[in-house]
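# Structural description and commentary
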Amino acid sequence: MFSLFYGLWKQVFTKMEFHVLILGIDKAGKTTLLEKLKTRYSNLEGLSPDRIVPTVGLNIGRVEVSNAKLVFWDLGGQPGLRSIWEKYYEEAHAVVYVVDAACLSRFEDSKSALEKVLRHEDLQGAPLLILANKQDLEEAVSADELARYLDLKKLDESLYTFQGVSAFDGLGIKESINWLIDTMERSKRTETLRARAGPGVI
Ligand SMILES: Nc1nc2c(ncn2[C@@H]2O[C@H](COP(=O)(O)OP(=O)(O)OP(=O)(O)O)[C@@H](O)[C@H]2O)c(=O)[nH]1
Ligand SMILES: [Mg+2]
């Protein structure tokens, strides 16, 4: 009886934990985004953009948003580091893919790196949030324009979305995080990862 009540209590009061991978080619703005998320959603002040250096290892950011605990894994996007990404796929509830929307000359690299991510079987069914970052820059293309370029027709529409953001000034971040939590909470992948983790893990 106690365990039944304890289980119910846990379900109601324990925040669900989600692992979110932040991917994208180098200089897309992944770490700047992570630091902005920390500033906005945790009681730690994230690093200011001028103190951020290219990522070689892994940056971790933990934040809490209403009923969810989000653990972000930010990896380096330089070509030689992209082979590390797949080591994290199996445990990820979702992927945030960051694109520098102001740098047209790197769109092709960004697109092919994303296509490779999407082909990997360890990520099947994972919600995908694609961010057209650097909207504070005049030359940045909109989320719709980026969507047309990336042309993800083959994907299940309920599992991905595009959002224009600025990791600098925070534009679009709230909408992005709300979509992410909502979609992860409803996704079959979350159910599968939870079942695999076993009882007691929320
Ligand atoms: N104008 C503008 N610049 C940005 C924005 N986000 C990031 N940047 C700049 O873009 C550059 C790269 O940012 P990072 O956050 O280090 O990029 P990254 O994707 O983590 O790069 P790697 O760690 O090498 O994979 C830096 O000069 C940032 O200041 C943004 O929203 N607007
Ligand atoms: Mg980085």
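Note that the coordinates shown come from a computational prediction; the quantities given were computed from them, not determined experimentally. (Residues numbered from 1 in each chain as written. Chains lettered and ligands numbered in written order. Predicted model: local features only at pLDDT ≥ 70, side-chain atom pairs only at ≥ 80, totals over all residues. Heavy atoms only, no water.)

### Considerations on the overall build of the protein
On a plain count of helices and strands, the protein comes out with 6 helices and 6 strands. Each helix and strand of the protein, ordered N terminal to C terminal, gives the series α-β-α-β-β-β-α-β-α-β-α-α. In summary, the protein has a C-alpha radius of gyration of 17 Å against a globular reference of 17 Å for 202 residues, a match within 12%. Principal axes of the C-alpha set define a box for the protein whose edges measure 60 × 40 × 30 Å. Counting only contacts in the protein whose residues sit at least 6 apart along the sequence, the fraction spanning at least 24 positions is 72%. In the form shown here, the protein has an accessible surface area of approximately 11,300 Å², with 53% of it arising from carbon and sulfur atoms. Treating the 26 positive side-chain charges of the protein as one cloud and the 29 negative ones as another, the clouds have centres 4 Å apart. (Helix = DSSP H or I, 4+ residues; strand = E, 2+ residues; numbered from the N terminus. Rg over C-alpha atoms; globule rule 2.2 N^0.38 Å. Contact = heavy atoms within 4.5 Å. Areas by Shrake-Rupley, 256 points an atom, 1.4 Å probe, with all protein chains shown as cover. Lys, Arg positive; Asp, Glu negative; His and termini not counted. Charge placed at Lys NZ, Arg CZ, Asp CG, Glu CD.)

### Re the coordination of the magnesium ion (ligand 2)
The coordination sphere of the magnesium ion (ligand 2), as far as protein atoms go, consists of T31 (OG1) and T55 (OG1), spread over 2.0 to 2.1 Å. Pair noted here: T31 is in helix α2 (residues 30-41) and T55 is in the loop between α2 and β2 (58-65), with a separation of 24 residues, a long-range link. In terms of burial, T31 and T55 fall into one category: buried. (Donors = N, O, S within 2.8 Å, 3.2 Å for Na, K, Ca; no water. Buried < 20%, exposed > 50% of the residue type's maximum accessible area, 1.4 Å probe, protein only.)

### Let's talk about the site of ligand 1
Surveying the vicinity of ligand 1 reveals 20 residues, the closest of which are K30, T32, T55, G77 and D136. T32 has a polar side-chain atom sitting 2.6 Å from an oxygen atom of ligand 1. One of the backbone N or O atoms of T55 is found 2.8 Å from an oxygen atom in ligand 1. For ligand 1, whose free accessible area comes to 650 Å², the fraction covered by protein is 85%. Ranked by residue count, the leading element in the shell around ligand 1 is α2, at 3 residues. (Near = heavy atom within 4 Å. Polar contact = N/O pair within 3.5 Å; in protein donor to acceptor, adjacent residues only side chain to side chain.)

### Notes on the nonpolar core
Grouped together as the largest cluster of nonpolar side chains are 31 residues, with contacts concentrated most on L23, Y97, I130 and L146. Among the elements of the structure, β1 (16-23), β3 (68-75), β4 (94-100), α3 (107-119), β5 (128-133), α4 (143-150) and β6 (160-164) are those that each provide at least two residues to this core. Per-element tally for this core: the top contributor is α3, with 4 residues. When residues no more than four places from it in sequence are discounted, the contact partners of L23 are K30, L75, W85, Y89, V95, V96, Y97, V98 and V117. In terms of nonpolar packing, the next biggest core, distinct from the first, is built from 25 residues, V98, L129, I177 and I181 among them. (Core = buried A, V, L, I, M, F, W, Y, C linked by side-chain atoms within 4.5 Å.)

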